[in-house]
Amino acid sequence: MIDVVVKPAVIEEGHHVVDAGCGVGGTAIRLASAHGCRVTGVNLNRLQLEIAEKKVVDAGVAGRVKLKYADCCQSLPFADNTIDVVVNIESACHYSDRERFLGEVQRILKPGGKIVAMDWMARDHLSTEQYDQFIRPVCESWAMVSLECQATYTSKLQAAGLEIMGFEGFGGKEMDNLKIIENDYRNLTLMYFSGFGTPPFLNLMESIGRLYAAWRGGYFEIRRYCAKK
Ligand SMILES: C[S@@+](CC[C@H](N)C(=O)[O-])C[C@H]1O[C@@H](n2cnc3c(N)ncnc32)[C@H](O)[C@@H]1O
């Protein structure tokens, strides 16, 4: 999946890639081993960074993968014009200040450098009622302040001085994400009726249910964009 997502950025051996919001290091490890690039993963979750450190060593890519603590809504710990590619997978949806993040991306990218991102988004042109009914509950369940849509991302990328190369949906054939969520929801329902009823379980079921409702109704989607400095 990672290889498919990052394709438009054309990552090459020798590139310095920043994985913004790197989770437990899966993307950084894959990029370093499959593309031969250097990767610096940044995250504000120290526990995830500790897990990532161990995974990087186990994967034998410690020479090419570094991990740093940083808040992507503050300043990114890289000098101006030094980074070839920023990868940002399912992370910016959790940020409170995406303008600031994109401004930082513009600052650290080399001229011609690219950001490739896959993010949770609302569909364009939702009414306030549709947003409140379908998107706001998803945000509440999944620790997000708000969701962008393609139109708002377009203006924020342009305001940051980044040239948009394209947007694409990612819920379709390649990933079949909606089917995965559908299966999750079906399995959770079966488990619920077999006697699972603990509060964390119900919480998870509600979160998946909200996502499923928004997605199935066409109010939510996962989209990728690529933009160039
Ligand atoms: C849903 S996870 C995705 C992780 C990873 N990109 C992946 O695809 O597996 C979101 C990640 O973004 C990180 N994150 C959220 N807000 C952040 C911020 N302001 N600065 C840095 N990282 C952040 C979280 O800690 C988490 O690792």
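Please refer to the structure higher up on the page.
Residues numbered from 1 in each chain as written. Predicted model: local features only at pLDDT ≥ 70, side-chain atom pairs only at ≥ 80, totals over all residues. Heavy atoms only, no water.

Engineer: So what exactly am I meant to see when it comes to the packing of aromatic side chains here?
Structural biologist: Scanning all chains against the criterion turns up nine aromatic pairs. Consider the rings of Trp-120 and Phe-220, whose centres lie 5.3 Å apart with planes at 85°: the pair is edge-to-face. Of this pair, Trp-120 sits in strand S5 (residues 109-122) while Phe-220 is found in strand S7 (residues 220-228), placing the two residues 100 residues apart along the sequence. Take Trp-120 and Phe-220: they sit in the same class, and that class is buried. Both rings, one in Tyr-185 and one in Tyr-212, keep their centres 5.7 Å apart while their planes meet at 35°; by these two values the pair is tilted. With Tyr-185 in helix H7 (residues 177-193) and Tyr-212 in helix H8 (residues 199-216), this residue pair connects regions lying 27 residues apart in the sequence. Given a relative accessible area of 12%, Tyr-212 falls into the buried group. Following the ring pairs from residue to residue traces out a cluster consisting of Trp-120, Trp-142, Trp-215 and Phe-220. Above the plane of the ring of Tyr-69 lies Arg-46, whose end atom (NZ or CZ) is 3.7 Å from the centre. Above the plane of the ring of Tyr-212 lies Arg-216, whose end atom (NZ or CZ) is 4.7 Å from the centre. (Phe/Tyr/Trp six-rings, centres within 6.5 Å; stacked < 30°, edge-to-face > 60°. Helix = DSSP H or I, 4+ residues; strand = E, 2+ residues; numbered from the N terminus. Buried < 20%, exposed > 50% of the residue type's maximum accessible area, 1.4 Å probe, protein only. Lys NZ or Arg CZ within 6 Å of the ring centre and 35° of its normal.)

Engineer: Would you mind going over the sheet that holds S5 with me for this structure?
Structural biologist: Through backbone hydrogen bonds, the strands of a sheet pair up, either in parallel or in antiparallel fashion. The strand order across the open sheet built from seven strands is S3-S2-S1-S4-S5-S7-S6, with neighbouring strands paired in mixed fashion. Edge positions in the sheet fall to strand S3 (65-69) and strand S6 (163-169), since each of these pairs with one other strand and no more. Pairwise comparison of adjacent strand axes, ignoring direction, gives a mean angle of 15° for this sheet. Bridging between strand S1 (residues 16-20) and strand S4 (residues 83-89) involves three bridges; their strand directions are parallel. Of the residues in S4, the one forming a bridge with Val-17 is Val-85. (Pairing = 2+ DSSP bridges. Axes fitted to C-alpha atoms, helices over the stretch in contact; angles between N-to-C directions.)

Engineer: Mind showing me how you'd approach the site of the ligand here?
Structural biologist: As a matter of local geometry, the ligand sits amid 15 residues, with Gly-21, Asn-43, Gln-48, Asp-71 and Ser-91 nearest to it. A distance of 2.7 Å is found between an oxygen atom of the ligand and a side-chain nitrogen or oxygen belonging to Asn-43. Considering only residue class, the shell around the ligand consists of six nonpolar, seven polar and two charged. (Near = heavy atom within 4 Å. Polar contact = N/O pair within 3.5 Å; in protein donor to acceptor, adjacent residues only side chain to side chain. Nonpolar A, V, L, I, M, F, W, Y, C, P; charged D, E, K, R; others polar.)

Engineer: What am I meant to see in the state of the cysteines here?
Structural biologist: Working definition: the covalent bond between the sulfur atoms of two cysteines is a disulfide. Here the structure, examined in full by the defined rule, presents zero disulfides. Cys-226 takes part in no disulfide bond, and the closest cysteine sulfur, belonging to Cys-37, lies 15 Å away. For Cys-226, a relative accessible area of 4% puts it in the buried group. (Disulfide = S-S within 2.5 Å.)

Engineer: So what exactly am I meant to see when it comes to the nonpolar core here?
Structural biologist: Ile-11, Leu-31, Val-87, Trp-120, Leu-147 and Phe-220 are the most contacted members of the largest nonpolar core, which has 49 residues in total. By residue number, the principal contributor to this core is H8, which donates seven residues. With sequence-adjacent residues up to four places away left out, Phe-220 is seen in contact with Trp-120, Met-121, Arg-123, Ile-135, Leu-147, Leu-211, Ala-214 and Trp-215. If you look at the next biggest cluster of nonpolar residues, it comprises 27 residues, including Val-18, Val-42, Ile-83 and Phe-167. (Core = buried A, V, L, I, M, F, W, Y, C linked by side-chain atoms within 4.5 Å. Contact = heavy atoms within 4.5 Å.)

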